[in-house]
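Commentary on secondary and tertiary structure
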Amino acid sequence: MNLNDKIQAINDSFSKDKKNFKSNSIKFDDFKNKYLGRKGLLSELYPLLNSVSDSDKPECGKKINSIKNVITKEIHSLGNNLSDLSNNALNIDSSMPGTEKFSGSIHPLTKIIDEIKSIFNRIGFSTIYGPEVDTDYYNFEALNIPKDHPARDMQDTFYINKETLLRTHTSSSQIHFMEKNQPPLRIISPGRVYRNEDISVRSYCLFHQIEGLYIDKNVKFSDLKGTLDYFAKSLFGENVKTRFRPSYFPFTEPSAEMDVSCIFCKSKGCNICKQSGWIEILGCGMVDPEVFKFVDYDVDIWSGFAFGIGIERIAMLKYGVKDIRIFYNGDIQFLEQIKL
Ligand SMILES: [Zn+2]
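No experiment lies behind these values; they were computed from the predicted model shown. (Residues numbered from 1 in each chain as written. Predicted model: local features only at pLDDT ≥ 70, side-chain atom pairs only at ≥ 80, totals over all residues. Heavy atoms only, no water.)

**Notes on the coordination of the zinc ion**
A metal bound by six donors in octahedral fashion has ideal angles of 90 or 180 degrees, whereas one bound by four tetrahedral donors has an ideal angle of 109.5 degrees. Rules: Sites may look incomplete because water is not among the atoms; the donors themselves are N, O and S atoms within 2.8 Å of the metal, or within 3.2 Å for Na, K and Ca. Segments assigned H or I by DSSP are reported as helices when at least four residues long, segments assigned E as strands when at least two residues long, and all are numbered from the N terminus. Remark: exposure states derive from per-residue accessible area (1.4 Å probe, protein chains only) relative to the maximum for the residue type, with buried under 20%, exposed over 50%, and partly exposed in between.
Summarising the metal site, the zinc ion is bound by the protein donors C262 (SG), C265 (SG), C270 (SG) and C273 (SG), whose distances to it range over 2.2 to 2.3 Å. Each donor residue of the zinc ion lies on the same chain, and together they follow the pattern C-x2-C-x4-C-x2-C. Of this pair, C262 sits in the loop between strand 7 (252–261) and strand 8 (278–287) while C273 is found in the loop between strand 7 and strand 8, placing the two residues eleven residues apart along the sequence. A single burial state applies to C262 and to C273, both of which are buried.

Here's what the structure looks like:
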């Protein structure tokens, strides 16, 4: 078949198929593929150009392009009409807004950890990480909590075997870091910690802490107070006041707990601060020289302070959450509500 005959044949076939399509005896996709598909009828025209003389080629090329354009345009126009028809048939209101797509968000605990990290990073603390599965030595003994020490009762522990356990605090990261690094040093260490405790609205078998450690020459308790006061103001706002109460931790001496003035009632007294006007947010103290002995730091040269911040406690205060368990159960409604 020469080119002109083939073009004529395609034109005839197309007119017939157009009628078939309008009478629904051919589906749109089949109709379209028959002409425009990779192996469609129009694709068969180009090889025929090889059989025409060079002088006829431009003319024949024009004819092929022309029929191709006409058929492509018609098929697309029929396709557009088709989608209008099917929209009407389904009774779709195209002016309605689209369905909102679900988008993820940063978990509130991660958000708080990131915020605290950046507050301390700004004043020269670098972030380090320690293992969650650790030995009795790093979690207890090197932190001045020998076996049979009553302080072990404060922290019921998940033991993997006699010597290996899930760490009960991020303080163990301090020992790992100090073994490998010489002072002066300024670090924070965030992470997950575990306690073998009954699960309730206020406690869970795992939670998050950020440990801080500052060691240098002549570090004083006033340095500790200044640093943590800056931290509280950065996190809760310039107007927040801080106070330190004596406390006890085996690895710091003296030890303290830091309270911030209640951010909910502005210290007037409310249910959250139990009418005291103050909320406890962290434990801290000067590093006990006994701890330095475990890592061979000279206690006559170096001194320092350490602190441990409970992330869930801060997150509960910041987001007004009353049940700690909600942070772990993956409740989309809760996460959507406090999307950040
Ligand atoms: Zn209050």
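**Considering unusual backbone geometry**
In this chain, P183 is followed by P184 through a cis amide linkage whose omega measures 5 degrees. Examined against the element boundaries, P184 turns out to sit in the loop between helix 6 (171–180) and strand 4 (185–194). Backbone torsion omega between E253 and P254 reads -5 degrees, so that peptide bond is classified as cis. Locating P254 in the fold gives a position in strand 7. Here the phi dihedral of N144 falls at roughly 70 degrees; this positive angle occurs in a residue that is not glycine. Tracing the chain through its elements places N144 in the loop between helix 5 (136–139) and strand 3 (164–166).

**Focus: the sheet that holds strand 5 (residues 206–217)**
The line we're drawing: Between any two strands, at least two bridges found by DSSP are needed for them to pair. Pairs of residues are marked as contacts when any of their non-hydrogen atoms sit within 4.5 Å. Comment: axis = line fitted to C-alpha atoms, over the contacting stretch for helices; angle = value between 0 and 180 degrees taken between N-to-C directions.
With respect to topology, seven strands assemble into an open sheet ordered 1-4-5-9-8-7-6, the strand pairing being mixed. On the outer flanks of this sheet lie strand 1 (126–127) and strand 6 (242–249), each paired with one strand and no other. When strand 8 meets strand 9 (residues 302–310), the two strands line up antiparallel, connected through five bridges. Within strand 9, the position partnered with C284 by the bridge is F307. Sheet strands touched by helix 6: strand 4, strand 5 and strand 9. Its angle to strand 5, the strand with the most contacts, is close to 40 degrees. The strands touched by helix 9 (residues 311–319) are strand 5, strand 8 and strand 9; relative to strand 9, the strand with the most contacts, the crossing angle is about 50 degrees.

**Observations concerning helix 4 (residues 108–121)**
Stated precisely, the cut-off is as follows: Working rule for helices: expected span equals 1.5 Å times residues minus one.
Its 14 residues give helix 4 an end-to-end C-alpha distance of 20 Å, which sits within 8% of 20 Å, the value for a rise of 1.5 Å per residue. Regarding helix 4, the residues found buried are P108, L109, I112, I113, I116, K117, I119 and F120.

**Observations concerning the layout of surface pockets**
So the rule is basically this: Both cavities and pockets are sets of points on a 1 Å grid over the protein atoms alone; in a cavity a 1.4 Å probe fits but cannot get out, in a pocket the set is open with protein on both sides within 12 Å along at least five of seven lines, and lining residues sit with an atom within 4 Å of a point. Grid points are joined across faces, edges and corners, and a volume is the space filled by probe spheres set on the points. Residues are grouped as follows: Ala, Val, Leu, Ile, Met, Phe, Trp, Tyr, Cys and Pro are nonpolar; Asp, Glu, Lys and Arg are charged; all remaining types, including Gly, are polar.
Of the volumes computed, that of the largest pocket is approximately 950 Å³. Taken together, 35 residues make up the lining of the largest pocket; nearest its centre are R195, F207, Q209, E280 and G310. The set of elements that each furnish at least two residues to the lining of the largest pocket consists of strand 5, strand 7, strand 8, strand 9 and helix 9. Tallied by class, residues from the lining of the largest pocket come to 17 nonpolar, ten polar and eight charged.

**Quick look at the side chain of D288**
The condition is simple: Think of it this way: Lys and Arg go in the positive column, Asp and Glu in the negative one, and His and the chain ends go nowhere. A pairing counts as a salt bridge when a side-chain nitrogen of Lys or Arg comes within 4 Å of a carboxyl oxygen of Asp or Glu. Any N or O atom pair separated by 3.5 Å or less is treated as a polar contact, with the protein-specific requirement of one donor-capable and one acceptor-capable atom, and with residues adjacent in sequence counted only for side-chain atom pairs.
Within the secondary structure, D288 is located in the loop between strand 8 and helix 8 (289–294). For the buried D288, no salt bridge is present, and the opposite-charge side chain at shortest range is K293, 7.2 Å distant. In terms of polar contacts, D288 uses its side chain to reach the backbone amide nitrogen of E290, at 2.9 Å. With sequence-adjacent residues up to four places away left out, D288 is seen in contact with N144, P250, F251, T252 and E253.

**A few points about the nonpolar core**
Note the following rule: Working definition of a nonpolar core: buried Ala, Val, Leu, Ile, Met, Phe, Trp, Tyr and Cys residues. They are joined through side-chain atoms within 4.5 Å.
The biggest cluster of nonpolar side chains holds 46 residues, and the ones touching the most others in it are I116, F120, F231, I281, L282 and F307. Those elements that place two or more of their residues in this core are helix 4, strand 4, strand 5, helix 7 (221–236), strand 7, strand 8, strand 9 and helix 9. For L282, the contacting residues outside a window of four places in its chain are L228, F231, A256, E257, M258, F307, G308 and I309. With 23 residues, the next largest nonpolar core counts F140, I145, F177 and V295 among its residues.

**Considerations on helix 9**
Those residues of helix 9 that fall on the buried side of the exposure criterion are I311, E312, I314, A315, M316 and L317. For helix 9, the elements touching its buried residues are helix 4, strand 5, helix 7, strand 8 and strand 9. One or two residues past the end of helix 9 sits G320, with phi positive at roughly 60 degrees.

**Observations concerning the pairing of strand 9**
Here strand 5 runs beside strand 9; their pairing, made up of nine bridges, is antiparallel. Its bridge partner being in strand 9, Q209 is matched across the sheet by G310.

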